[in-house]
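Single-letter residue listing:
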Amino acid sequence: MPKMATDARTDFGFEQIPLAEKAGRVRDVFDSVAARYDVMNDLMSGGLHRVWKAAFITWLRPRRNMHLLDLAGGTGDIAFRFLTAGGGNVTVADINLEMLAVGQGRANGEAIPIPDGTLDAVTCAFGIRNMTDKEQALSEIRRVLKPGGRFMCLEFSRLALPGLAGLYDRYSFGVVPRLGRIVANDEASYRYLAESIRTFPDQDRFAGMIAEAGLSNVTYRNLAGGVAAMHSAWRI
Ligand SMILES: C[S@@+](CC[C@H](N)C(=O)[O-])C[C@H]1O[C@@H](n2cnc3c(N)ncnc32)[C@H](O)[C@@H]1O
């Protein structure tokens, strides 16, 4: 069946929904949580997301002559860190205007409004998991990179410490949605977060998808025992 058939379905957390509805549902999630997004990140992760983002920027090694596109850039965490660490020029793109407290350029990661071969680097932090057609997003990322350009992704991934799985499940399906209700008045969006992490490909499968999109030298590093992972790849 062709992918764009009107009865095609996709995941939204653990739900199966019509493909055409996913972007709108994801937009609703981030409309709803935008105002409390940063504080929720700190609370949920105990500040750990800051350590992960710092490690991500260190691995990226920003330079003055680097033009970065931070895709699904949200409130600008990666963009700010890139500039502070010596990066030259950054464009923040996100599907959601509410999340774009910083930067400009409302843009869908599955159809990036940037010409071919123009960017030194593309980053995507906790964004691609929410996209409907991840293969299309990766293909777009490859298209906008210059030859020699680099893609880096920071995303929740698969826990590599099975002994902690029960604790992790109780935390992400129990504590996180409850925190979402108390702090952001939105339990459902934070349940979606936990579910979408479980349906996102694990480290090796995602590395395979990046390679399938035509990017090379794909490697990854786990963070917090695989709670999150950073993937790096190059357009050659
Ligand atoms: C969890 S937030 C991550 C924000 C930021 N990168 C960070 O690390 O804090 C996910 C972001 O992805 C954006 N997003 C979801 N689907 C998108 C798409 N198809 N294209 C671009 N951005 C998208 C959402 O609007 C949201 O701002």
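Preceding block: the structure.
The structure displayed is predicted, hence computed values, not measured ones.

Q: Before we go on, may I ask you to explain helix α3 (residues 48–60) in this structure?
A: Turn by turn, an α-helix covers 3.6 residues, leaving residues three or four places apart pointing in a common direction. The first and last C-alpha atoms of α3 sit 19 Å apart over 13 residues, in line with the 18 Å expected at 1.5 Å per residue. Among the residues making up α3, those that are buried are Trp52, Lys53, Phe56, Ile57 and Leu60. Within α3, the buried residues cover an arc of 135° as seen down the axis, which keeps them to one side. In this structure, α3 carries Ala54 and Thr58 as exposed residues pointing more than 90 degrees from its buried face. Arg61 sits one or two positions beyond α3 and adopts a positive phi of about 55°.

Q: Where do I start with helix α8 (residues 203–212) in this structure?
A: Listed in full, the buried residues belonging to α8 are Phe206, Ala207 and Ile210. Seen from one end, α8 has its buried residues packed into an arc of 105°, which puts them on one side. Relative to its buried face, α8 has exposed residues pointing more than 90 degrees away, namely Arg205 and Glu212. Tucked into the core, α8 has its buried residues touching α5 (134–144), β7 (216–223) and β8 (228–234). Among the residues trailing α8, Gly214 stands out with phi positive, at a value near 100°.

Q: Would you mind going over the packing of helix α2 (residues 37–45) against helix α6 (residues 165–184) with me for this structure?
A: In a pair of packed helices, the angle between the axes and the distance between the axes together describe the arrangement. Running from amino to carboxyl end, α2 crosses α6 at an angle of 145°, the nearest separation of the two axes being 11 Å. When the axes of α2 and α6 are compared, the crossing they make is right-handed. Only Val176, Leu179, Gly180, Val183 and Ala184 of α6 make contact with α2, whose side of the interface consists of Val39, Met40, Leu43 and Met44. Among the residues making up the contact of α2 with α6, the classes are represented as 8 nonpolar, 1 polar and no charged.

Q: When you look at the nonpolar core in this model, what are you seeing that I'm missing?
A: Soluble globular proteins tend to bury their nonpolar side chains together. Counting 58 residues, the largest nonpolar core has Phe56, Val122, Phe151, Leu154 and Met230 as its most contacted members. At 6 residues, the largest contribution of residues to this core is made by strand β6 (residues 145–156). Sequence-distant contacts of Val122, that is, excluding residues within four places in its chain, are made with Leu69, Leu71, Ile141, Val144, Leu145 and Phe151.

What counts and what doesn't
Residues numbered from 1 in each chain as written. Predicted model: local features only at pLDDT ≥ 70, side-chain atom pairs only at ≥ 80, totals over all residues. Helix = DSSP H or I, 4+ residues; strand = E, 2+ residues; numbered from the N terminus. Expected span 1.5 Å × (residues − 1). Buried ≥ 20, exposed ≤ 12 C-beta atoms within 10 Å, placed from the backbone. Arc of directions from axis to C-beta. Contact = placed C-beta atoms within 7 Å. Axes fitted to C-alpha atoms, helices over the stretch in contact; angles between N-to-C directions. Left-handed = near helix turned anticlockwise from the far one by under 90°. Nonpolar A, V, L, I, M, F, W, Y, C, P; charged D, E, K, R; others polar. Core = buried A, V, L, I, M, F, W, Y, C linked by C-beta atoms within 7 Å.

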